[in-house]
Amino acid sequence: MSDVPASVLNPRFAAAMNDPGQRAKIAQKGQNWIRDKLREERFCSKVLPLESVTYEEVQVSVNHEAPTIIVPLEPEARAMTMSFRGEPSVRLIEAARVEMAFITVASEVYQKDEGELVIYQKMDMPITKLIEDNTVFTIQAIQDREFLLHAESAVQALQAEANGVAAAPVLNGTALAGLTPPVEYSVKKSELARIDVSDTGTPWPFQISDWVSLVQIMDSRQLRCEMVLFPESDWDGVMQWTTQDMGSPLKSETVKSGYVHNELNGRKYARSNKSDILRPGNVYGFTNHEFLGKFRRLTETKFYVDKQFRTIKWQAWEDVAMLLANVASLGKIELYSGDATAHDTDSIRVNVIPLEEEAISPTNNRVESGIWYPRVVNF
Amino acid sequence: MQTYFRLYEDLNRARRLDRAFNAANKVFTVPTSANPLIEGEWFEIDNSVTTEQYKRGTGALPSVPLFLEKGRPEMQITGKGTFLFGYDWIADTKVMVTTSLDEGLMLKVGNVTIDSLARSGLVYHDGTGTDWVVGYVMRLPANNGGWLRFQRLSPFRLS
């Protein structure tokens, strides 16, 4: 933050818009406003590192106007035993390819009348800079949502395949307690969830046995789970791990300072407080990105400001492409006993899948509903 | 690449907004599906669901045209189409039926056959019934290289 006060910032911002040559970003100072939430950077880039691509790297389609990237997958290789007189089978080499397409993730178009902008000067609040900063987080939150929707589709696709059905079968405590429980191939219930036949969406604490269960999903496929993604509230369950789970020194340290290490069992982990996207009770495991997919950016985040007469408008956007090519390279542990498949047998799905785009990042404060304390009303 | 719709308007004035397809129509975002969505088809709100989702138009509700080509990757990825929500713009379309059309006459959304498949396109509105008027004819296909030129109107009903 610079030392430019908001009393100078807002009219200077408005003044800069009068000069077509100047679309300068103005730094902010201080903080005279109440924040609503703790905003995070995207977690999907911790699983799939974001890399920029140039226009030279994209492909052109004869069927549509959108740029894409062709991504090849590693071809299979086999060996066999034979006698001295035998000869091996022949394989015509070819590598599977998939197309990765770009989408635009954009903020709303923000508008303000030049005259109204200066009232924020009186409140010492650089509103334009605030919105600009928060917009970046909002765009990344939508990318996280897209990532999780694709991850969920991937794990459920292999669930369906493993069970020999078109759609992943019902997976809840009751089904697992039945005579023919579904195969838990890419989605597993946690130890406490699987014995809970009340089939609800309430998460049970994450136990160390659940960690083992999750990493085994990939470790059993000639892959290795390298990154585990936790909702922040479920990560807090680590505090409940016993001395027997962690050892006395680590337990003491954890009770005092929280779990401060970057790895657990030799695997990295990431946590997110975006409970509207990574809903509590859903813990995902991923391999190294080389075995999983790609995340590419065609344009850096762009921020454009325009002024027409007295109205100032601004918007941000980013063009990205995401691909989960190897659907076997991820798995999921559900800490709740209810059914989260498309069947939604227990009517909990709305509580365990990412919220709709329009509902992302709901406001915490209730000021617009008239709720704050002590409440003083002037007119 | 075959095209079915050409817009003659400043893109920023045409008010392009992305909205979700309903489950049935989401399947048709794939170009190899049984009846893929094409640019220039008209869509109306599916009022049988609680969230804002769109389906191929019937004329019974106000409709908006799709502004993405068949099989557009973003459409397949997001399950959303880009629709033109603005009014008074001018466009050429092949997603239409010429029966009874003449310059200046009203248009509504109805069933049209394009590439042997049933789509939602522009048809003649005879001024009766409760279907919404969405535009009027500016130039007939016979005089416009096979394209129907029309002006989009703010939708209204005559009864």
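All figures in this text were calculated on a predicted structure; none of them were measured in a lab. (Residues numbered from 1 in each chain as written. Chains lettered and ligands numbered in written order. Predicted model: local features only at pLDDT ≥ 70, side-chain atom pairs only at ≥ 80, totals over all residues. Heavy atoms only, no water.)

Participant: Go over the overall build of chain B with me, naming the residues and quoting the values.
Facilitator: Helix and strand counts for chain B come out as two helices and 11 strands. Along chain B, helices (α) and strands (β) appear in the sequence β-β-α-β-β-β-α-β-β-β-β-β-β when read from the amino end. A globule of 159 residues ought to have a C-alpha radius of gyration of about 15 Å, and chain B, at 15 Å, matches this closely. Seen through its principal axes, chain B has C-alpha atoms that stretch 40 × 35 × 35 Å. Long-range contacts, defined here as pairs at least 24 residues apart, represent 63% of the contacts in chain B between residues at least 6 apart. Here chain B displays about 7,200 Å² of accessible surface, and carbon together with sulfur accounts for 50% of that area. Charge centroids of chain B, computed over 18 positive and 17 negative side chains, lie 3 Å from each other. (Helix = DSSP H or I, 4+ residues; strand = E, 2+ residues; numbered from the N terminus. Rg over C-alpha atoms; globule rule 2.2 N^0.38 Å. Contact = heavy atoms within 4.5 Å. Areas by Shrake-Rupley, 256 points an atom, 1.4 Å probe, with all protein chains shown as cover. Lys, Arg positive; Asp, Glu negative; His and termini not counted. Charge placed at Lys NZ, Arg CZ, Asp CG, Glu CD.)

Participant: Help me get a handle on the sheet that holds strand E12 (residues 330–334) of chain A, residues and values and all.
Facilitator: Residue and element names in this part refer to chain A. Strands sit in the order E5-E12-E9-E6-E8-E7 across an open sheet of six strands; the sheet is mixed. Each end of this open sheet is capped by a strand with a single partner; those strands are strand E5 (187–189) and strand E7 (263–264). In terms of strand pairing, E5 meets E12 through three bridges, oriented parallel. Bridging across to E12, Val187 finds its partner in Lys332. (Pairing = 2+ DSSP bridges.)

Participant: Explain the interface of chain B and chain A to me, and be specific about the residues and the numbers.
Facilitator: Opposite the 10 residues of chain B that make contact, chain A presents 12 residues. Carbon and sulfur atoms make up 64% of the surface buried where chain B meets chain A, a total of about 900 Å² over both sides. Three residues stand out in chain B for area buried against chain A, namely Met1(B), Pro73(B) and Ile77(B), and they jointly supply 49% of the buried area on that side. The interface formed by chain B and chain A includes one salt bridge. Here chain B and chain A share two residue pairs in polar contact (both at pLDDT 80 or more) between them. The residue inventory of the side of chain B that touches chain A, partitioned by class, reads three nonpolar, two polar and five charged. (Buried area = accessible area lost by both parts, 1.4 Å probe. Salt bridge = Lys/Arg side-chain N within 4 Å of Asp/Glu carboxyl O. Polar contact = N/O pair within 3.5 Å; in protein donor to acceptor, adjacent residues only side chain to side chain. Nonpolar A, V, L, I, M, F, W, Y, C, P; charged D, E, K, R; others polar.)

Participant: How would you summarise helix H5 (residues 127–162) of chain A if you had to cite specific residues and measurements?
Facilitator: For H5(A), which comprises 36 residues, the first-to-last C-alpha distance of 52 Å matches the rise-based estimate of 52 Å (1.5 Å per residue) to within 8%. Downstream of H5(A) by a residue or two, Gly164(A) has a phi angle that is positive, lying close to 65°. (Expected span 1.5 Å × (residues − 1).)

Participant: Mind laying out the pattern of salt bridges, listing which residues take part and the relevant values?
Facilitator: Inspection of every chain in the model, using the stated rule, returns 26 salt bridges over all chains. As a salt-bridge pair, Glu146(A) and Arg145(A) come within 3.8 Å of each other at their nearest N and O atoms. Of the charged contacts, one joins Arg72(B) and Glu74(B) as a salt bridge, the two residues approaching to 2.8 Å between their closest N and O atoms. With relative accessibility at 18%, the residue Glu74(B) sits in the buried group. The network of salt bridges with common partners includes Arg42(A), Arg297(A), Glu300(A) and Glu318(A). (Buried < 20%, exposed > 50% of the residue type's maximum accessible area, 1.4 Å probe, protein only.)

Participant: Explain the sheet that holds strand E7 (residues 90–93) of chain B to me, and be specific about the residues and the numbers.
Facilitator: Residues and elements named next belong to chain B. Strand order in the open sheet made by the six strands is E1-E7-E11-E10-E8-E9, with antiparallel pairing throughout. Either end of the sheet is taken by a strand with one partner, and the two such strands are strand E1 (5–8) and strand E9 (117–124). Between one strand axis and the next, the sheet turns by 40° as a mean value, whatever way the strands run. Sheet analysis places strand E8 (residues 106–114) next to E9, joined by eight bridges and oriented antiparallel. Looking across to E9, one finds that Val109 is bridged to Leu122. (Axes fitted to C-alpha atoms, helices over the stretch in contact; angles between N-to-C directions.)

Participant: A description of the nonpolar core should follow, citing residues and the corresponding values.
Facilitator: Residue and element names in this part refer to chain A. Formed by 32 residues in total, the largest nonpolar core has its most connected members in Leu48, Phe147, Leu148, Leu229 and Phe286. Every element with two or more residues in this core is listed here: helix H2 (44–47), strand E3 (97–106), H5, strand E6 (225–231), strand E9 (282–287) and strand E11 (311–324). No other element matches H5, which puts eight residues into this core. When near neighbours in sequence (up to four residues on either side) are disregarded, Leu48 contacts Phe147, His289, Leu292, Gly293, Lys294, Phe295, Met322, Leu323 and Leu324. If you look at the next biggest cluster of nonpolar residues, it comprises 22 residues, including Ile217, Tyr259, Leu264 and Val283. (Core = buried A, V, L, I, M, F, W, Y, C linked by side-chain atoms within 4.5 Å.)

Participant: Describe helix H8 (residues 208–219) of chain A, naming the residues involved and giving the relevant values.
Facilitator: For H8(A), with 12 residues, the first-to-last C-alpha span of 16 Å sits near the 16 Å given by 1.5 Å per residue. Within the sequence span of H8(A), burial applies to Asp210(A), Trp211(A), Ser213(A), Leu214(A), Val215(A), Ile217(A) and Met218(A).

Participant: I'd like a description of unusual backbone geometry, backed by residues and values.
Facilitator: Residues and elements named next belong to chain A. In this model, Tyr373 is joined to Pro374 through a cis peptide bond whose omega is -10°. Its location among the elements puts Pro374 in the segment after helix H12 (349–352). Of note in this structure, Asp344 is not a glycine but carries a positive phi near 50°. Structurally, Asp344 is set in the loop between E12 and H12.

Participant: Got a sec to walk through the side chain of Glu74(B)? Specific residues and values, please.
Facilitator: In this structure, Glu74(B) sits in helix H2 (residues 73–78). Not counting residues within four places of it along the chain, the set of residues in contact with Glu74(B) comprises Ala66(A), Phe102(A), Ile103(A) and Gly79(B).

Participant: I'd like to hear about the packing of aromatic side chains, residue by residue, with values.
Facilitator: Any pair of aromatic rings gets described here by the distance separating the centres and the angle formed by the planes. In the structure shown here, the tally under the stated rule is 17 aromatic pairs over all chains. Their ring planes at 35° and their centres at 6.1 Å tell us that Tyr110(A) and Trp314(A) sit as a pair that is tilted. Of the two residues, Tyr110(A) sits in strand E4 (residues 110–113) while Trp314(A) sits in strand E11, which places them 204 residues apart along the sequence. With relative accessibility at 4%, the residue Trp314(A) sits in the buried group. Sitting over the face of the ring of Trp147(B), Arg6(B) holds its NZ or CZ atom 3.9 Å from the ring centroid. Directly above the aromatic system of Tyr8(B) lies the positively charged group of Arg149(B), at a separation of 4.6 Å from the ring centroid. (Phe/Tyr/Trp six-rings, centres within 6.5 Å; stacked < 30°, edge-to-face > 60°. Lys NZ or Arg CZ within 6 Å of the ring centre and 35° of its normal.)

Participant: Residue-level account of the confidence of the model for chain A, with values.
Facilitator: In the predicted model, chain A carries a mean pLDDT of 87, and the fraction of residues at 70 or more is 92%. Per-residue pLDDT stays below 50 along residues 23–30 of chain A; that stretch engages in 31 contacts with residues further than four places along the chain or on separate chains. (pLDDT = per-residue confidence, 0-100.)

Participant: Could you give an account of the confidence of the model for chain B, naming the residues involved and the relevant values?
Facilitator: Per-residue confidence for chain B gives a mean pLDDT of 95, with 100% of residues at or over 70. Model confidence for the complex: the whole-complex pTM is 0.85, and ipTM, which rates the interface, is 0.82.

Participant: Got a sec to walk through the pairing of E6(A)? Specific residues and values, please.
Facilitator: Residue and element names in this part refer to chain A. Here E6 lies mainly inside the structure; six of its seven residues are buried. In this structure, E6 lies alongside strand E8 (residues 267–272), joined through five bridges in parallel fashion. From the neighbouring strand, Phe230 faces E8, where its bridge partner is Arg271.

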